[in-house]
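One letter stands for each residue in the lines below.
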Amino acid sequence: MVQNWYYADGQAPNGPHTCEQIEDMIRAGRIKPETLVWQEGMAGWEPAADQFFTAPPEGSDVPETDPSQSFSHPGVDHGGTTNFAARVAQRHQTEGKLSTNDPRAYADASIETERAKRGIGPDGLYVDAPSRGPIEAVKVCFRKYATFKGRASRSEYWWFILFVAIASVIGEIAQGAMGSDGAAINGVIAIATFMPSLSAQVRRIHDINRSGWWVGCYWLLSSVGGAYMGHIAWQSGAMETASGGTAMMALLSLWGIAVLAYSLTLLIFTVRRGTYGRNDYG
């Protein structure tokens, strides 16, 4: 099976490439020992030195050492990294870039540097759209009551949607038990949660690098479109005859299918993982 590799050139990941292509780019000097590489199944990005280099490449500024040297430092588990990776780590320790000569620390430092450049936080998500707990998600969504800019992670959006669903159930129960007073409570809940729900959905769509107009067009299709068709039916008197009623029902069915398909599309968008790092919306 062909192994697809990606390498980070300081911007977006470049790939996929086969092992042979990666080795060709190493020989050409395009990929250096400290360049980060990744393939499916790896826990994170690692220096190319850990995966491809078994000896210093031609022209490298890493000094040659005795090939028999194992670099097994006391108390340090190199995790199977190459001697070359260990020498890179030793050089960086000498230069004051690392506090240890463990090549794993070199890999971790390289990964953290790359993540910081791309705006990726400790949880692997964009720093301005991190993973959030239920209470924090509700607070953030109400604080960003009508904020349609920026991004929202899956946890931020879905915890808030769960809160809105529970609040709506409470409102319905109150309306059934208290009559007009309960209806007023239910109305206040609906009004108070509509705008933050809408803005949170737009930010969630932004998180996968799609325009918030996906949400806007849904509301146009479902509300304005439905009202317009109802107006046509009323003005034309289509429901007064059997043939006209059948035609109108067929049209309404097509509209319902379109709204359902659009709703499922938005649902898929909202459960997808956000863009890795920055995108067009943050």
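First things first, this report covers the structure right here in the doc. Note that the structure is a prediction, hence the values are computed from the model and not measured.

Remarks on the pattern of salt bridges
Next up, step 1: Under the defined criterion, the tally for this structure stands at five salt bridges.
Next up, step 2: Between Arg151 and Asp207 there is a salt bridge, with the nearest N and O atoms lying 2.8 Å from each other. In this pair, Arg151 is assigned in the loop between helix H5 (134–143) and helix H6 (154–178) and Asp207 in helix H7 (residues 180–207), connecting sequence segments 56 residues apart. For the pair shown, Arg151 and Asp207 are each scored as buried.

Quick notes on the pairing of strand S3 (residues 36–39)
Both faces of the sheet carry side chains from a regular strand, because those side chains alternate between them.
Next up, step 1: Note: strand S1 (residues 5–8) against S3, four bridges, orientation antiparallel. Across the sheet, Tyr6 pairs through a bridge with Trp38, a residue of S3.
Next up, step 2: Linking two consecutive strands that pair antiparallel, namely S3 and strand S4 (residues 46–47), is a turn of six residues; a positive phi of about 105 degrees is found at Gly41 within it.

Examining the nonpolar core
Across soluble globular proteins, nonpolar side chains show a tendency to be buried alongside one another.
Next up, step 1: By size, the foremost hydrophobic cluster in this structure holds eleven residues: Trp5, Tyr7, Cys19, Ile22, Met25, Ile26, Ile31, Val37, Met42, Ala48 and Phe52.
Next up, step 2: Within the residue set of this core, elements represented by two or more residues are S1 and helix H1 (19–27).
Next up, step 3: With four residues, H1 is the largest single contributor of residues to this core.
Next up, step 4: In this structure, Ile205, Ile208, Tyr218 and Tyr262 belong to the second largest nonpolar core, which totals ten residues.

The rules behind the values
- Residues numbered from 1 in each chain as written.
- Predicted model: local features only at pLDDT ≥ 70, side-chain atom pairs only at ≥ 80, totals over all residues.
- Heavy atoms only, no water.
- Salt bridge = Lys/Arg side-chain N within 4 Å of Asp/Glu carboxyl O.
- Helix = DSSP H or I, 4+ residues; strand = E, 2+ residues; numbered from the N terminus.
- Buried < 20%, exposed > 50% of the residue type's maximum accessible area, 1.4 Å probe, protein only.
- Pairing = 2+ DSSP bridges.
- Core = buried A, V, L, I, M, F, W, Y, C linked by side-chain atoms within 4.5 Å.

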